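# Notes for the structure review
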Protein chains: 2
Amino acid sequence: MAKQVTIKEIAQMAGVSPGTVDRILHNRGNVSASSTEAVERVLAATGYKYNIHTSAISLKKTYRIIIAIPTAVKGEYWGIVQLGIERAIEEYSDINIQCEYAFYNQFDIYSCRSSFRSILDRNPNAVIIGATFASETAILCEKLDNAGIPYAFVDSVVEGTKPVVTYSSDQNACGRIVGRLLELFSPGYDAEFAVFGSRRTGNERATNSMSRISGLLEYFNERKSGRTIKESKISVLDPEESEKDILRFLNDNPKVKCIAILNSRGYIIADILASHSIEDINIVSFDLTTNNSRCLEEGSIAAVICQRPELQGFHAVKSLIHALLYNVRDKDIHHFMPADIIIRENLMFYQEIFIN
Amino acid sequence: MAKQVTIKEIAQMAGVSPGTVDRILHNRGNVSASSTEAVERVLAATGYKYNIHTSAISLKKTYRIIIAIPTAVKGEYWGIVQLGIERAIEEYSDINIQCEYAFYNQFDIYSCRSSFRSILDRNPNAVIIGATFASETAILCEKLDNAGIPYAFVDSVVEGTKPVVTYSSDQNACGRIVGRLLELFSPGYDAEFAVFGSRRTGNERATNSMSRISGLLEYFNERKSGRTIKESKISVLDPEESEKDILRFLNDNPKVKCIAILNSRGYIIADILASHSIEDINIVSFDLTTNNSRCLEEGSIAAVICQRPELQGFHAVKSLIHALLYNVRDKDIHHFMPADIIIRENLMFYQEIFIN
DNA sequence: GTTAATTTTGTGCACGTCCACGGAATAAAT
DNA sequence: ATTTATTCCGTGGACGTGCACAAAATTAAC
């Protein structure tokens, strides 16, 4: 509410010209130690803040942001992330922002590698990274660091890097939530739980799934309820195979009343069960994709944990813009998204996206 | 991404001066029919959009927004709404916005009446209304309509009014969610449910509570599960009285394993039960207030339904600013907040507020 | 047909920041 | 001491909109 201090006022107080203040604010160099000190003192005293509006007008530079994420499919996880990104660009349509996507196959490290390699050649001002392969990502980040190009992580964070900002979920905590939901959705006292991962070679979002499962196990260990968890894998690539897998599993484990799928493919299991009219088994999955949304409505999925992918995309862009234009970085680098629990009864509310 | 058309360009195309275009855009009058028509044709053809940044700079007017809501207590529902409002004002700190609160006692219609009566005298440019008493609110809205002052609703909507925008929850749907949660949090097949309202004369947020209860009953009717719901009231004003009420109720209804409280005062029941070491009863309540938050952590409350009050406050301010400054109104007037389900395991995520 | 009143239109400045340009001051080189 | 290079600094225009004021055009009044 307090009146904004202007650059001109700062200059006057420090006994220099506005141009000098500007140079210091954008550390453009070519300014003497004495002036720097004088201005910085005034800056600290007054708590100067950029006026985003006026800087936006006079800025005519075009910023190129490259978005390096797994291929975005409409209605699936990365597609929703993209939605948030586009929304942010619209919000900042007064600024010239050029978005280029560098998609890669999240199941193919070679695709990731070749995609990441070309990024610097494309001359980005900033990069948004949806990391799958830690090693490849680390290499990219080092190159970006050397070039002084700011970057942000969405969905997951790779250790040892220096992002401007990250938007992700605490997957370990999500695993604990799954644990709780498994209990809740298992009626009766003798029910057993099951967890399905995917039978797949390579490390498809391995880190996320691993963290989820360790959180889940942690939860049950602490509870000491004596209940058992059956783990199993299903093959994703071959539908017939996975159908057989599941039916065999249920036959072997008749006490299982609730199955958690630690990725976004709960709808596959749900559809298989529905096609066999198996209705007494509750399914918990991740991500509010179109398919999972449909299954929630139909009742074949009991609950979905959602980590606001659109918000992640939106904020990543927003933070990078602030870093680029106003040279402002958030104090907190790591932001964790809420883990929304979505059931049939509150599903409708999550269709309208509130990001700004 | 398409290049913005400027007023100057519009003027040139229409063969008039920029001033004339400006007059038409702000319908300031004093412009001939022929010019109006010419400009409006160009306007429609080009799809002109205000550049918020440049208009923000040249605008030096101070806007006074009056916020007429129940007394905001830190950590309680309206306190969190206020948080969102303040956040919005900070976000728009480049614009001169003056916020004045007109608090009233939500349990006292006379307090509301006198508060609402003074609002027009305070010369607002816009008003945010947190409605409790429908009749009083309708009177206020009519006066605002006549004066041409835009207003927004938060938390609830009063019929027959013409707000610029509303941010609220579908309370009926929230009632259905409660129904589902009651089932989930009642282990065993013979458990009964209970719903507590507050024993209070007058209509404290009556509409909201009523809608919730009807949604809840609807849900159980549709389910035809044959389960019974016990309804009861507890007195809020007298702690000793409410303690007796509850213990008597539980004694009379030993099969009740889950109690829903249809307002934000679940923590009161939770604390009473905890003080008697009653641990096998799950409590479901509304609103993530400080107290409910604490009870979730302690485990004395099982779940809370939260309707993002901070988001409501934030967006109400944002929409009004857009209406005032840029003469832009959202197409959709009524916005419904997501109903987040919060349990101990995902509580931590809802402490950081993501509104923008 | 001249003057006055009124409506309509154009012009120009301000807002705060960015940044290019050129001038001033200082240091280095001869 | 003069020239040249280098560092440092101030000035002023541009961005697009809002708005006040003056100019022009139209209408009304006599």
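Residues numbered from 1 in each chain as written. Chains lettered and ligands numbered in written order. Predicted model: local features only at pLDDT ≥ 70, side-chain atom pairs only at ≥ 80, totals over all residues. Heavy atoms only, no water.

## Section: the overall build of chain A
Quick note on the threshold: For helices the rule is a DSSP run of H or I covering at least 4 residues; for strands it is a run of E covering at least 2, with both sets numbered from the N terminus onward. Note on exposure labels: buried denotes an accessible area under 20% of the residue type's maximum, exposed denotes more than 50%, and partly exposed covers the range between, all computed with a 1.4 Å probe on protein chains only. Throughout, a residue-residue contact means that at least one pair of heavy atoms, one from each residue, lies within 4.5 Å. All accessibility values rest on the Shrake-Rupley procedure with a 1.4 Å probe; residue burial counts only the protein chains present in the view. Charge assignment: positive for Lys and Arg, negative for Asp and Glu; neither His nor the chain ends contribute. To locate a charge, take atom NZ for lysine, CZ for arginine, CG for aspartate or CD for glutamate.
Counting its regular elements, chain A contains 14 helices and 12 strands. When the 356 residues of chain A are sorted by exposure, 53% land in the buried category. For chain A, restricting intrachain contacts to residue pairs at least 6 apart in sequence, the fraction spanning at least 24 positions comes to 70%. Roughly 15900 Å² of accessible area belongs to chain A as shown, and the carbon and sulfur atoms make up 50% of that amount. When the 38 basic and 43 acidic side-chain charges of chain A are each reduced to a single mean position, those positions are 5 Å apart.

## Some remarks on the protein's contact with DNA strand D
As a reminder, the rule being used: In these notes, residues near a molecule or strand are those with any non-hydrogen atom within 4 Å of it. The term polar contact refers here to a pair of N or O atoms within 3.5 Å; inside protein, the definition further demands a hydrogen-donor-capable atom paired with an acceptor-capable atom, and it admits residues adjacent in sequence only when both atoms are side-chain atoms.
The full set close to DNA strand D counts 24 residues, and Ser17, Ser32 and Ser35 of chain A together with Ile7 and Tyr48 of chain B are the nearest of them. When atoms of DNA strand D within 4 Å of the protein are split into backbone and base, the sugar-phosphate part holds 72%. The separation between a phosphate oxygen of DNA strand D and a polar main-chain atom of Ser17 of chain A is 2.7 Å. Here a phosphate oxygen of DNA strand D and a side-chain polar atom of Ser32 of chain A are 2.7 Å apart. Every element with two or more residues in the surface near DNA strand D is listed here: α2 (18-25) and α4 (52-58) of chain A together with α4 (52-58) of chain B. No other element matches α4 of chain B, which puts 4 residues into the surface near DNA strand D.

## Remarks on the environment of Asp245 of chain A
Residues and elements named next belong to chain A. Here Asp245 shows up in helix α10 (residues 239-252). Overall, Asp245 belongs to the buried group, its relative accessible area being 8%. For the pair formed by Asp245 and Val158, sequence separation is 87 residues and the distance between their alpha carbons is 34 Å.

## Considerations on the pairing of strand β5 (residues 165-168) of chain A
All names here are of chain A. The criterion, for reference: We treat two strands as partners when DSSP finds at least two bridges between them.
Residues Val165 and Tyr167 point to one face of β5 and Thr166 and Ser168 to the other, with burial holding for every one of them. Pairing between strand β4 (residues 151-155) and β5: 4 bridges, direction parallel. Residue pairing in the sheet places Val154 in a bridge with Tyr167 of β5. Examined bridge by bridge, β5 and strand β11 (residues 334-336) share 3 bridges and lie parallel to one another. Following the sheet pairing, Ser168 is matched in β11 by Phe336.

## Section: the sheet that holds β5 of chain A
Residue and element names in this part refer to chain A. Which entries qualify depends on this criterion: Axes here refer to lines fitted to C-alpha atoms; in helices the fit is confined to the stretch in contact. Angles between the N-to-C directions go from 0 to 180 degrees.
Within the open sheet, the 6 strands sit side by side as β2-β1-β3-β4-β5-β11. Their pairing is parallel. Strand pairing shows two members of the sheet lacking a second neighbour, β2 (97-101) and β11, which therefore form its edges. In this sheet, neighbouring strand axes are inclined to one another by 15° on average, regardless of whether the strands run parallel or antiparallel.

## Topic: the relation of the copies chain A and chain B
Where we set the bar: To superpose the copies, least squares is applied to the C-alpha atoms of every residue with a pLDDT of at least 70 in both.
Structural alignment of chain A on chain B gives an RMSD of 0.3 Å, achieved by rotating through 180° and translating 0.2 Å along the axis. Within this description, the copies of the chain are treated as partners about a two-fold rotation axis. Taking C-alpha positions as the reference, the residue of chain A nearest the rotation axis is His53 of chain A, at 2.0 Å. Take the interface residues of chain A: 98% of them recur as interface residues in chain B, which is what a same-surface contact looks like.

## Quick look at the interface of chain A and chain B
Many authors give the size of an interface as the accessible area that is lost as the parts come together. Basically, it comes down to this: The term buried area means the drop in 1.4 Å probe accessible area that two parts suffer when joined, counted for both and summed. Any Lys or Arg side-chain nitrogen located within 4 Å of an Asp or Glu carboxyl oxygen qualifies as a salt bridge. Think of it as three bins: nonpolar holds Ala, Val, Leu, Ile, Met, Phe, Trp, Tyr, Cys and Pro, charged holds Asp, Glu, Lys and Arg, and polar takes everything else, Gly as well.
Taken together, the 52 residues of chain A in the interface contact 53 residues of chain B. Around 4500 Å² of area is buried between chain A and chain B when both sides are counted, 59% of it from carbon and sulfur atoms. Where chain A packs against chain B, one counts 4 salt bridges. Our enumeration of links across chain A and chain B arrives at 7 residue pairs in polar contact (both at pLDDT 80 or more). Taken together, the residues of the side of chain A that touches chain B sort by class into 29 nonpolar, 11 polar and 12 charged.

## A look at the pairing of β4 of chain A
One face of the sheet, then the other: side chains in a regular strand alternate in exactly this way. Defined as follows: When the strands point away from the viewer, a crossover counts as right-handed if the path from the first strand over the helix to the second runs clockwise.
In terms of burial, β4 of chain A is largely enclosed, as 5 of its 5 residues are buried. Where the polypeptide runs from strand β3 (residues 126-130) of chain A across helix α7 (residues 134-147) of chain A and back to β4 of chain A, its parallel neighbour, the crossover connection is right-handed.

## Side note on the domain arrangement of chain A
All names here are of chain A. Put simply, the rule reads: How far each domain reaches was decided by an automatic or database domain assignment.
Domain annotation of chain A identifies domain 1 (7-50), domain 2 (58-169 + 308-338) and domain 3 (171-306). Using only C-alpha atoms to locate each centre, domain 2 and domain 3 end up separated by 30 Å. Looking only at domain 2, the three residues that lose the most surface to domain 3 are Tyr77, Phe107 and Ser169, adding up to 38% of its buried area. If you look at where domain 2 meets domain 3, you find 0 salt bridges. At the junction of domain 2 with domain 3, the criterion picks out 2 residue pairs in polar contact (both at pLDDT 80 or more). Residue composition of the side of domain 2 that touches domain 3, grouped by class: 6 nonpolar, 5 polar and 3 charged.

## Notes on the side chain of Ser35 of chain A
Residue and element names in this part refer to chain A. Note that Ser35 resides in helix α3 (residues 33-46). Take Ser35: its relative accessible area is 18%, and that puts it in the buried class. Contacts of Ser35, omitting those with residues within four sequence positions, involve Val16, Thr20 and Ile24.

## Quick notes on the sheet that holds strand β11 (residues 334-336) of chain B
Residues and elements named next belong to chain B. The 6 strands lie next to each other as β2-β1-β3-β4-β5-β11, forming an open sheet whose pairing is parallel. Whereas interior strands pair on both sides, the edge strands pair on one side only; in this sheet they are β2 (97-101) and β11. Strand-to-strand twist across the sheet, computed as the mean angle between neighbouring axes with direction ignored, equals 15°. Its contacts with the sheet place helix α13 (residues 309-325) against β1 (63-68), β2, β3 (126-130), β4 (151-155) and β5 (165-168), and it is angled at close to 170° to β4.

## Here's the deal with the packing of helix α1 (residues 7-14) of chain A against α3 of chain A
Residues and elements named next belong to chain A. Definition in use: Note on terminology: angles under 35 degrees are roughly parallel, angles over 145 are roughly antiparallel, angles of 65 to 115 are roughly perpendicular, and the others are oblique. The handedness criterion is simple: a crossing whose near helix is rotated anticlockwise from the far helix by less than a right angle is left-handed, and one whose near helix is rotated clockwise is right-handed.
Their axes nearest at 9 Å, the elements α1 and α3 cross at an angle of 125°. By the angle between their directions, the pair α1 and α3 is classed as oblique. The interaxial crossing formed by α1 with α3 has right-handed handedness. From α1, Ile10, Met13 and Ala14 reach across to α3, where they touch Ala38, Val39, Val42, Leu43 and Thr46. Counted by class, the contact of α1 with α3 contains 7 nonpolar, 1 polar and no charged residues.

## Some points on the nonpolar core
For clarity, the threshold we go by: Here, the term nonpolar core denotes a set of buried Ala, Val, Leu, Ile, Met, Phe, Trp, Tyr and Cys residues that are joined through side-chain atoms within 4.5 Å.
Among the nonpolar cores identified, the biggest contains 102 residues, and Leu181, Phe185 and Phe196 of chain A together with Leu181, Phe185 and Phe196 of chain B are the most heavily contacted of them. Dropping the residues within four chain positions of it, Phe196 of chain A is found in contact with Ser232, Ile234, Ile246, Phe249, Ile259, Ala260, Ile261, Leu262 and Ile269 of chain A.

## Considerations on the protein's contact with DNA strand C
Surveying the vicinity of DNA strand C reveals 24 residues, the closest of which are Ile7 and Tyr48 of chain A together with Ser17, Ser32 and Ser35 of chain B. Near the protein, meaning within 4 Å, the atoms of DNA strand C are sugar or phosphate in a fraction of 71%, with bases accounting for the rest. Take Thr20 of chain B: an N or O atom from its side chain is 3.1 Å from a phosphate oxygen of DNA strand C. Residue assignment for the surface near DNA strand C shows that the elements contributing at least two residues are α4 of chain A together with α2 (18-25) and α4 of chain B. Among the elements that make up the surface near DNA strand C, the one with the highest residue count is α4 of chain A (4 residues). Its residues placed into classes, the surface near DNA strand C shows 8 nonpolar, 13 polar and 3 charged.

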